[in-house]
Amino acid sequence: TSASTTATKSTPTVIVTTTAPHEVLVLAGSFVMTILNATALVDAFGADSAIKSALQLGIAESLPGVGASMVRILHVSIHHSRRLGSSSSSGAGDEQLVQVEYEIIFPLGNEEAADVVASSIPTSASFLKLSINQALAEASIEQFVVGSVEVPARPVLLIALSNEKYYRTRGLA
């Protein structure tokens, strides 16, 4: 008999499995949001899986045919830019910009679905804001409220080699 190692979806490590790696489609993109307590959100992101889950759910709920398990939040950071709202505010109580880098994973062969999602992302900013705020509220994370969202461009579509949680980019689709 052969043994396999499995892990839950929230484990941020490489998973060893007995199934062979397979190719997947990856939409890689980012967006910027204004939020009060931005530094606290960025600091808490690594330590609080509920924040990551709420961001995943918020993104998924704002896009057609996307489930939260398809979304990976890669990085959340303070974004220094003159765009998206008032650039003159820098006080402690003011909104700051946070950049969220994400990926949405589709099985290979779902190019049409991935293209529909990629096309809808640049026009989904207001619904993305509402969906993230709702997901944060449902997770009882009430200290963070998104004020606005800017989606700068259509995400990039990649083909990647996937082995559950670990994959590496092979090239552009």
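Before reading on, note that the structure itself is shown above.
Calculation criteria
- Residues numbered from 1 in each chain as written.
- Predicted model: local features only at pLDDT ≥ 70, side-chain atom pairs only at ≥ 80, totals over all residues.
- Heavy atoms only, no water.
- Helix = DSSP H or I, 4+ residues; strand = E, 2+ residues; numbered from the N terminus.
- Buried < 20%, exposed > 50% of the residue type's maximum accessible area, 1.4 Å probe, protein only.
- Contact = heavy atoms within 4.5 Å.
- Areas by Shrake-Rupley, 256 points an atom, 1.4 Å probe, with all protein chains shown as cover.
- Salt bridge = Lys/Arg side-chain N within 4 Å of Asp/Glu carboxyl O.
- Phe/Tyr/Trp six-rings, centres within 6.5 Å; stacked < 30°, edge-to-face > 60°.
- Arc of directions from axis to C-beta.
- 1 Å grid on protein atoms, 1.4 Å probe; cavity = no way out; pocket = protein on both sides within 12 Å on 5 of 7 lines; lining within 4 Å.
- Points joined across faces, edges and corners; volume = space filled by probe spheres on them.

Student: Would you take a moment to explain the overall build of the protein for this structure?
Tutor: Helix and strand counts for the protein come out as four helices and six strands. Counting from the amino terminus, helix and strand elements in the protein follow one another as β-α-α-β-β-α-α-β-β-β. Burial status across the protein gives 39% buried among its 173 residues. When contacts within the protein are restricted to residue pairs at least 6 apart in sequence, long-range pairs at least 24 apart make up 74% of them. By element, 53% of the accessible surface of the protein is carried by carbon and sulfur atoms, the whole surface being about 9500 Å².

Student: Would you explain the pattern of salt bridges in this entry?
Tutor: Between side chains of opposite charge, pairing is possible as soon as their charged atoms come close. Under the counting rule described, the total for this entry stands at one salt bridge. With its nearest N and O atoms 2.3 Å apart, the salt bridge here joins Asp 115 to Arg 154. Remark: Arg 154 occurs in the loop between strand E4 (146–150) and strand E5 (156–163) and Asp 115 occurs in helix H3 (residues 111–120); sequence separation between them is 39 residues. The class for Arg 154 is partly exposed, based on a relative accessible area of 41%.

Student: Before we go on, may I ask you to explain the packing of aromatic side chains in this structure?
Tutor: In this description, an aromatic ring pair is defined by two values, namely the gap between the centres and the angle between the planes. Evaluation of the coordinates by the stated rule reveals one aromatic pair. For the ring pair Phe 31 and Tyr 102, a centre distance of 6.1 Å and an interplane angle of 40 degrees mean the geometry is tilted. Of the two residues, Phe 31 sits in strand E1 (residues 22–35) while Tyr 102 sits in strand E3 (residues 96–107), which places them 71 residues apart along the sequence. A relative accessible area of 4% means that Tyr 102 is categorised as buried.

Student: So what exactly am I meant to see when it comes to the environment of Leu 36 here?
Tutor: The residue Leu 36 is located in the loop between E1 and helix H1 (38–45) in this model. Residues Leu 36 and Gly 147, spaced 111 residues apart in sequence, show a C-alpha to C-alpha distance of 8.0 Å.

Student: Help me understand H3, please; the structure alone is not making it clear to me.
Tutor: One turn of the α-helix equals 3.6 residues, which is why residues spaced by three or four share an orientation. Every buried residue belonging to H3 is among Ala 114, Val 117, Ala 118 and Ser 120, and all of these are buried. Buried positions in H3, seen along its axis, are confined to an arc of 165 degrees and lie on one side of it.

Student: How do you make sense of empty space enclosed by the protein when you look at a structure like this?
Tutor: With a probe scaled to a water molecule rolled over the atoms, the places where space remains empty come into view. Counting across every chain of the model gives one cavity of 30 Å³ or more. What the largest cavity holds in volume is close to 70 Å³. For the largest cavity, the full set of lining residues is Ser 30, Phe 31, Ile 59, Ser 62, Leu 63, Tyr 102, Ile 121, Ser 124, Leu 128 and Val 151.

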